[in-house]
Amino acid sequence: MHISSVRFKPKKQNKTEFINYLKTFKISNYKGCKRHLVIDAGERMMSFVEWENENCLSTERENLIKFLDGCRHMLEELSPDLGVTDPISGPLIIENNLK
């Protein structure tokens, strides 16, 4: 299993619009996408996507960037180096579940 994550900081005046835009993300449009989660940590938000494997993420990377291009105007710059998004991805190494 592979996880990708993107950190955002929506502009205050665009937060509701940004959340509504994220709700349009349809996992069925991305091959190998299993789950999409978003957390609201106040000023910052973070999106997590679970993938079947790293190859699925690599195959869909361009489409994911196109999706993010539709909301960049709603985001504040995180830093001059990062711009408005801070993406990261890697293999899931720990998973704890109640069973």
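Chemist: Tell me what's going on with the pattern of salt bridges, and back it up with residues and numbers.
Modeler: Scanning the entire structure with this criterion turns up eight salt bridges. Notably, a salt bridge pairs Arg-7 with Asp-86, separated by 2.9 Å at the nearest N-O pair. Separated by 79 residues along the polypeptide, Arg-7 in strand E1 (residues 2–8) and Asp-86 in strand E4 (residues 86–91) bring together distant segments of the chain. Looking at Arg-7, the relative accessible area reads 22%, which means it is partly exposed. When its relative accessible area of 21% is taken as the criterion, Asp-86 is described as partly exposed. For the salt bridge of Glu-62 with Lys-66, the shortest nitrogen-to-oxygen distance reads 3.9 Å. Here Glu-62 and its partner Lys-66 are both found in helix H2 (residues 54–69), four residues apart, which amounts to about one turn of the helix. In this structure, Glu-62 and Lys-66 share a single accessibility class: exposed.

Chemist: Account for the nonpolar core, naming residues and giving values.
Modeler: By size, the foremost hydrophobic cluster in this structure holds 20 residues, and its most contacted members are Phe-8, Phe-18, Phe-25, Tyr-30, Trp-51 and Cys-71. Taken together, the elements giving at least two residues each to this core come down to E1, helix H1 (15–22), strand E3 (44–51) and H2. At five residues, the largest contribution of residues to this core is made by H2. Setting aside chain neighbours within four positions, we find Trp-51 in contact with Met-1, His-2, Ser-4, Tyr-30, Lys-31, Gly-32, Cys-33, Lys-34, Cys-56, Leu-57, Glu-60 and Leu-64.

Thresholds applied
- Residues numbered from 1 in each chain as written.
- Predicted model: local features only at pLDDT ≥ 70, side-chain atom pairs only at ≥ 80, totals over all residues.
- Heavy atoms only, no water.
- Salt bridge = Lys/Arg side-chain N within 4 Å of Asp/Glu carboxyl O.
- Helix = DSSP H or I, 4+ residues; strand = E, 2+ residues; numbered from the N terminus.
- Buried < 20%, exposed > 50% of the residue type's maximum accessible area, 1.4 Å probe, protein only.
- Core = buried A, V, L, I, M, F, W, Y, C linked by side-chain atoms within 4.5 Å.
- Contact = heavy atoms within 4.5 Å.

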